[in-house]
Amino acid sequence: MKRLAVLFAILVIFSASAFAVEYKTIEDLNGKNIGVQTAVLYEELIQDRVPDATFQYYTMPNDMILALQSGKVDAYLIEEVSFGVQKKNHPELTALEEPAGYINATCIIGNNEKQDKLLSELNEFIAESWENGLLDELYDYWIADFDPVNDTCDITGFTGENGVITVAVEGGYEPFSFISNGNISGFDVDFICRFARAYGYTPEFFEVPFEAIAPGVETGKYDIGMNIVVSAERNETGTLSDVYYTTPIRLVILGEDDAEQGFFSKLADSFNKTFIRESRWELFLQGAGITILITISSIVAGTVLGFVVYIICRKGSRIANSITNFFLWLIHGMPTVLLLMILYYIVFGSSRLSGTWVSVVGFSLMFACSMIDMLRVGCNAIGRGQTEASRALGYSESQSFFRIILPQAAQHFLPIYRNEVVTLIKETSVVGYIAVLDLTKISDLVRSRTYEAFFPLIVTAIMYFVISALLTKLVTLVEHAIDPKRRKKDKILKGIKEEE
């Protein structure tokens, strides 16, 4: 075993050193795997120079670091300003000397009644900020001299006489937008806060995946989306402001790290950064609370809705059953993320309903559809003779269903119900796409700050297991409570007219 361990260590060292010296030019990466963040379009800068390269897309920038370290990609594309932050946390990273290209970043303006006014005001503010040096000042503070521990953003002092503006930011991308001490911060946030104070607005920030910013703004859900890379296609479909920063794009590869740290020292440092620093453990609890709220609310509402619809349909109405079957087909056949985005950006696009409650609506509909199917299967498993016998004993139709049929049917569908509860808990992990800071989204945001994967992912998985176990236990207790074999005879016969 010792020999195998030594051999493994040698292989790791050899492979790391190989990564460090293999690539010198952009053309050296032709035919290799290159990571790029979804929707940033940086791959277009080098596609003609590496025509045989395979581009792999990642939601979070720090995920590309993990992919590079594990050998899943040979390099990845990122802004020079963000690479500087990553380099401080990962000294083993290095960038090719030649930039992959240059990009201009703008704001995208929401497709709503505020669009024309906001576009004019933003362009005016950007022009003034270039002229008076404000953008250079922000660049120096947040980028050139960025201190991820001490740099803070003033998110107060808004007069709000011109109303609220909703702003979509990524929330997990230092130094542009990130969570610091429980508050949103960064270059983009500071820029918008200064704009809001100058023009009498109160900004409300939403942390959403980068690829969801433009769609959310174009449907009018958000008034402003930050850090949108200028492209000809986006100019055609979106309303973009003037450029508020320009930066080179770098191809990042693995270099050499002279600093060595022991395993347990790394583990302790990772634990400290994940939970202790800035009291980030509180973020995990808040995320777990949102996940539990969405889950329990959706289970209760979905169960009630599904039961009511089933009661309406069980009489055999063709119209009611046709409508129900159509919605069952529609919702069951739609991916969860797509359903949530349709509800958030289209159905409730013009409303102020938060992403949390839109999630509850979406998951309630999904659970209600499953509930209807479960009731149909369970009740159909009970023979017609049970109903006829109960009616012969003097039970009314409703008494027959609720006291005889339903308790027996529950024994058939409750095990499936229990599995649906667990499935629902796991499916809530996608609500980050509609600006909900649930447990998974919090894990992503913490990983984006700490550049650590072990503790955020493991603890998040454990918390999901605990939530699943508790809700599963609750369903099991209900299953035992309504078991027909455990009910007393006088309870079953309660309310039945005695024979004279």
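Residues numbered from 1 in each chain as written. Predicted model: local features only at pLDDT ≥ 70, side-chain atom pairs only at ≥ 80, totals over all residues. Heavy atoms only, no water.

Before going further, it helps to examine the overall build of the protein. Helix and strand content of the protein: 18 helices and 13 strands. Counting contacts in the protein only where the partners sit at least 6 residues apart, residues at least 24 apart contribute 76% of the total. If you sum the accessible surface of the protein, you get close to 24300 Å²; carbon and sulfur atoms cover 59% of it. (Helix = DSSP H or I, 4+ residues; strand = E, 2+ residues; numbered from the N terminus. Contact = heavy atoms within 4.5 Å. Areas by Shrake-Rupley, 256 points an atom, 1.4 Å probe, with all protein chains shown as cover.)

Along the chain, S370 falls in helix α13 (residues 355–380). For the pair S370 and Y417, spaced 47 residues apart in sequence, the C-alpha separation works out to 8.3 Å. For S370, the contacting residues outside a window of four places in its chain are H332 and E420.

With 138 residues, the main nonpolar core has L77, F191, I224 and Y244 as its most contacted residues. For this core, the element with the highest residue contribution is helix α15 (residues 397–427), accounting for 12 residues. Here F191 is in contact with C107, L122, F125, I126, L135, L138, M226 and Y244, once residues within four sequence places are set aside. (Core = buried A, V, L, I, M, F, W, Y, C linked by side-chain atoms within 4.5 Å. Buried < 20%, exposed > 50% of the residue type's maximum accessible area, 1.4 Å probe, protein only.)

With that settled, the discussion passes to unusual backbone geometry. Look at the link from E174 to P175: it is a cis peptide, with omega at 0°. One non-glycine residue with positive phi stands out, namely A39, at about 75°. Among the structural elements, A39 can be located in the loop between β1 (33–37) and β2 (54–58). In this model, L41 sits at a positive phi of 70°, which is unusual for a non-glycine residue. Following the sequence through the fold, L41 ends up in the loop between β1 and β2.

This part is about the sheet that holds strand β8 (residues 177–180). If you walk across this open sheet you meet the 3 strands as β7-β8-β9, and the pairing is antiparallel. Edge positions in the open sheet fall to β7 (172–173) and β9 (183–185), since each of these has one partner strand only. When β8 meets β9, the two strands line up antiparallel, connected through 3 bridges. From the neighbouring strand, F178 faces β9, where its bridge partner is S185. (Pairing = 2+ DSSP bridges.)

So, on to α13. The end-to-end C-alpha distance of α13, which contains 26 residues, comes to 38 Å, matching closely the 38 Å that a straight helix rising 1.5 Å per residue would cover. Taking burial as the measure, the 26 residues of α13 include 19 buried ones, the bulk of the element. (Expected span 1.5 Å × (residues − 1).)

Let us now look at the pattern of salt bridges. What the rule picks out here adds up to 14 salt bridges. R49 is paired through a salt bridge with E98; the nearest N and O atoms lie 2.7 Å apart. Here E98 lies in the loop between β4 (93–95) and β5 (101–109) and R49 lies in the loop between β1 and β2, a separation of 49 residues in the sequence. By relative accessible area, which is 36% here, E98 ends up partly exposed. R280 is paired through a salt bridge with E278; the nearest N and O atoms lie 3.4 Å apart. The buried category is assigned to R280, whose relative accessible area is 4%. (Salt bridge = Lys/Arg side-chain N within 4 Å of Asp/Glu carboxyl O.)

Time to look at the pairing of β8. Within a regular strand, the side chains alternate between the two sheet faces. Side chains of β8 alternate between two faces, with S177 and I179 and F178 and S180 buried alike. Note that β7 and β8 share 2 bridges and pair antiparallel. Bridge pairing in β8 places G172 opposite F178. The hairpin formed by β7 and β8 contains 3 residues between the paired strands. From the end of β8 to the start of β9, which pair antiparallel, there are 2 residues, and N181 there has a positive phi angle of about 55°.

Okay, the confidence of the model for the protein next. Note that predicted coordinates carrying low pLDDT should not be read in detail. The pLDDT averaged across the protein works out to 85; a share of 90% of its residues lies at or above 70. Every residue in residues 1–21 scores below 50 in pLDDT, and together they form 6 contacts with partners more than four places removed in sequence or on other chains. (pLDDT = per-residue confidence, 0-100.)

Once that is clear, we can look at the side chain of H90. Checked against the element boundaries, H90 lands in the loop between α3 (80–89) and β4. Separated by 3.3 Å, the side chains of H90 and Q69 make a polar contact. H90 has contacts with I65, Q69 and Y451, leaving out every residue within four places of it along the chain. (Polar contact = N/O pair within 3.5 Å; in protein donor to acceptor, adjacent residues only side chain to side chain.)

With that settled, consider the packing of α15 against helix α17 (residues 454–481). Helix-helix packing is described using two parameters, namely the angle between the two axes and the distance between the axes. Between α15 and α17, the shortest axis-to-axis distance is 9 Å and the interhelical angle comes to 160°. One way to sum up the angle between α15 and α17 is to call them roughly antiparallel. Where α15 crosses over α17, the two elements pack in a sense that is right-handed. Here Q411, L414, P415, Y417, R418, V421, V422 and I425 of α15 lie close against α17, whose contacting residues are Y464, I467, S468, L471, T472, V475, T476 and E479. Class assignment of the residues belonging to the contact of α15 with α17 gives a composition of 10 nonpolar, 4 polar and 2 charged. (Axes fitted to C-alpha atoms, helices over the stretch in contact; angles between N-to-C directions. Parallel < 35°, antiparallel > 145°, perpendicular 65-115°, else oblique. Left-handed = near helix turned anticlockwise from the far one by under 90°. Nonpolar A, V, L, I, M, F, W, Y, C, P; charged D, E, K, R; others polar.)

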